[in-house]
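Inside the fold
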Amino acid sequence: MGKQVIQTPDAPAAIGPYSQAVRVGDTLYMSGQIPLDPKTMQVVDGGIDAQASQVFANLRAVAQAAGATLNDIVKLTILLTDLGEFAKVNEIMAAHFDAPFPARATYQVAALPRGVKIEVEAVLVLPGA
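Fair warning: this is a prediction, and the values are worked out from it, not measured in the lab.

Moving on: the nonpolar core. Within the largest apolar cluster, 29 residues are counted, with the highest numbers of intra-cluster contacts made by M30, L76 and I118. When contributions to this core are tallied by element, the ones reaching two or more residues are strand 3 (27-33), helix 1 (48-65), strand 4 (73-80), helix 2 (86-96) and strand 6 (118-125). Top contributing element to this core by residue count: helix 1, with eight residues. Discounting residues that sit within four places of it in the chain, L76 has contacts with F56, L59, M93, F97, P102, A103, R104, A105, V120, E121 and A122.

Have a look at this one:
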């Protein structure tokens, strides 16, 4: 099975040597998204609300480029610089997904690229698989 790179201008360009997502068979491995505006490549203004919303919008854009939606995600990994914002992130995530929700792990980390508060990566199974 070959690898297919998925890329869209509707999500931030990679800021390192990686792809936005890689498809292998019916599985899409989505790189971590941070709250960058894809047009300006700048961190969005605002706190965790704005940052988490932008991250999920970026993930949605990559999923759509592969012909899928956020609801096709089966596994999320959320990295936060402050686990005290866990409840707020749960609230924002719930607004972007329908039940049943994906499996998920959330970790507090010391720092994230560009000083952001949140990064989210995902594994998605494409529709019809």
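From this point, the discussion proceeds with the structure in view.
Another point: helix 2. Taken residue by residue, helix 2 has V89, I92, M93 and H96 as its buried positions. Mapping the buried residues of helix 2 onto a view down its axis gives an arc of 100 degrees, with all of them on the same face. Residues of helix 2 that are exposed and angled more than 90 degrees away from the buried face: A87, E91 and A95. Summarising the contacts, the buried residues of helix 2 are in contact with helix 1, strand 4, strand 5 (103-108) and strand 6.

Cut-off values and rules
- Residues numbered from 1 in each chain as written.
- Predicted model: local features only at pLDDT ≥ 70, side-chain atom pairs only at ≥ 80, totals over all residues.
- Heavy atoms only, no water.
- Core = buried A, V, L, I, M, F, W, Y, C linked by side-chain atoms within 4.5 Å.
- Buried < 20%, exposed > 50% of the residue type's maximum accessible area, 1.4 Å probe, protein only.
- Helix = DSSP H or I, 4+ residues; strand = E, 2+ residues; numbered from the N terminus.
- Contact = heavy atoms within 4.5 Å.
- Arc of directions from axis to C-beta.

Fair warning: the whole summary comes from geometry, so function is off the table for now.
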